[in-house]
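# Coordinate analysis (summary)
This is what each chain is made of:
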Amino acid sequence: MPAITKDESILWTALFEQSGDAMVVLRQDGSVYRANRRYAEMLGYTPDEMNALSVWDWDTRFSKEVLLEMLVAVDNSGAHIDTQQRRKDGTFIEVELSNNGAEYKGEKLVFCIVRDTTARNATEKNLRQSEERLQRIASQIPGALYQYRIAPDGTRSFPYFSEGIIALGGLTLEQLSGSDTDPVMSRILPEDAVDIETKAQKSASALTQFHTEFRIRHGDGSIRWIEARSTPAKEADGSILWTGILLDITQRMEAEEKVRTMAITDGLTGINNRQEFSRLLDKEIERAIRYNTPLTLVMYDLDHFKLVNDRFGHDTGDDVLRTVVKLTNDNIRSTDFHGRWGGEEFMVLLPQTTLEAALDVAEKLRLAVAGHQFSHVGTVTASYGVAELAPQENARSLAQRVDEALYRAKDRGRNRVEVYEA
């Protein structure tokens, strides 16, 4: 290295030796013009040892020819280069070089600031591997992992969705790339959206776990049941961020609905069984008393039905029962209740219906059954009893009176309507 003056020595010391960065100045032929102690220590050399080396003695990523081309091409733009360098003990480090070319005492030199990025690169690699591992785990989890944020100004967004959202909602990741909550929230059925918002606000206020079940319209047009579970956290800017999971529970909900239906439905006819009809009767009596509205009960029984079973068999008898139930359903209102009381006995509950109106309904039902031609059997008739709810009467008393009205119809010749007044 050429001799330098005292003032220049002070300048080089200030620039090089007192700097917190590792620095090296290279000639265009690749030899070292000057290296500071920080850089020498980084590579495990003494400064004097460094001054006897050329850049290709420690750089392992580029060949000598490429390095020479790079040194000639360096200008004053501060270009950054990532490379690998070999330390004196044979170990390797990853470094980032900030290079600038400058003319000094008639010689073009390359000034390099060197930063050891080994730890940073290892951290970044670990983060990438962790992210890839989490993505692989997330892809195996049924449903979708998600994050939902409510900002202090009320702005809503989904910062994250795992790939499971594609199957869960029929949405692509591209559709979810924006900050807006649509098209996710727009898929939720309106009648369920209010409940979700109420629970979200409660969870945000108390920072308690969020849990709800709701319906969405899937991308294929079907309705799906979704369960959401997440835990909220308050961020530095005041936002509330929920992190959780969405699960498709459609099959579970459908199975539960089937169980509920089986528990309240007569297996043969598909109408309410006696237990469910009794519950509905109690409920409607309570409503009628509260609002002072009329309520009438009709009970019917197929005439000589045992003969049908004995002559044509129970399968044919079952067909007759199903047909009678359908004829009855076709001739009552959607607000009326139809139930099987037992055997060939059935009940029809008529809310907000007077005794006079109920007698007309019962007669209409009687004619529908009597006028129908049943397969293999021909004609079948039924007898009907009618009773209107009396003041302060309970379900047991009303059912007993309508049963007595039905018995009266049987006793008076069958295929007729009789009333039992309180």
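That block above? That's the structure.
Here goes a summary of the coordinates provided. Only a predicted model underlies this, so the values are computations on that prediction, with no experimental measurement involved.

Before going further, it helps to spend a moment on the sheet that holds strand E7 (residues 156-161). Taken in spatial order, the five strands make up an open sheet running E7-E6-E10-E9-E8, and their pairing is antiparallel. Edge strands, defined here as strands with exactly one partner in the open sheet, are E7 and strand E8 (210-217). Adjacent strand axes in the sheet meet at a mean angle of 30° when their direction is disregarded. Bridging between strand E6 (residues 144-150) and E7 involves four bridges; their strand directions are antiparallel.

The next point concerns the pattern of salt bridges. Tallying each qualifying case throughout the model produces 31 salt bridges. We note a salt bridge from Arg-224 to Asp-220, for which the minimum N-O separation is 3.1 Å. Look at Arg-224 and you get buried, because its relative accessible area is 19%. If you follow the salt bridges from partner to partner, you end up with Glu-213, Glu-227, Arg-229, Arg-252 and Glu-256 in one network.

Bringing the side chain of Thr-117 into the picture now. Structurally, the position occupied by Thr-117 is in the loop between strand E5 (107-116) and helix H5 (118-140). Thr-117 has contacts with Glu-94, Val-95 and Glu-96, leaving out every residue within four places of it along the chain.

A few words now on the pairing of strand E3 (residues 79-86). With eight bridges joining them, E3 and strand E4 (residues 92-104) adopt antiparallel strand pairing. For Ile-81, the partnering residue across the bridge sits in E4 and is Leu-97. Where E3 folds back onto E4 in an antiparallel hairpin, the turn is made up of five residues, including Gly-90, whose phi is positive at roughly 95°.

What follows deals with the nonpolar core. With 27 residues, the main nonpolar core has Tyr-300, Leu-302, Val-320, Phe-374 and Tyr-384 as its most contacted residues. Of all the secondary structure elements, the ones that give two or more residues to this core are strand E11 (295-302), helix H10 (305-312), helix H11 (314-329), strand E13 (345-351), helix H12 (355-370) and strand E14 (382-388). Formed by 24 residues, the second largest nonpolar core is a distinct cluster that contains Met-42, Val-55, Ile-81 and Cys-112.

As a further point, take unusual backbone geometry. Negative phi values dominate among residues other than glycine, just as trans dominates among peptide bonds. With phi around 50°, Gln-352 is a residue other than glycine that occupies positive phi space. Even without being glycine, Asn-415 reaches a positive phi, approximately 50°. Taking the relative accessible area as the measure of exposure, Asn-415 reaches 27% and is therefore partly exposed.

Once that is clear, we can look at H10. Buried residues of H10: Phe-305, Val-308 and Asn-309, and no others. An end-on view of H10 places all buried positions within 95° of arc, on one side of the element. In H10, the exposed positions angled more than 90 degrees off the buried face are occupied by Lys-306, Leu-307, Asp-310 and Arg-311. Taken together, the buried residues of H10 touch E11 and H11. One or two positions beyond H10, positive phi appears at Gly-313, with a value near 95°.

What follows covers the side chain of Ser-54. If you trace the backbone, Ser-54 turns up in the loop between helix H3 (47-51) and helix H4 (64-73). If we skip the residues at most four places from it in the chain, Ser-54 touches Gly-30 and Ser-31.

Reading the values: rules and limits
Residues numbered from 1 in each chain as written. Predicted model: local features only at pLDDT ≥ 70, side-chain atom pairs only at ≥ 80, totals over all residues. Heavy atoms only, no water. Pairing = 2+ DSSP bridges. Helix = DSSP H or I, 4+ residues; strand = E, 2+ residues; numbered from the N terminus. Axes fitted to C-alpha atoms, helices over the stretch in contact; angles between N-to-C directions. Salt bridge = Lys/Arg side-chain N within 4 Å of Asp/Glu carboxyl O. Buried < 20%, exposed > 50% of the residue type's maximum accessible area, 1.4 Å probe, protein only. Contact = heavy atoms within 4.5 Å. Core = buried A, V, L, I, M, F, W, Y, C linked by side-chain atoms within 4.5 Å. Arc of directions from axis to C-beta.

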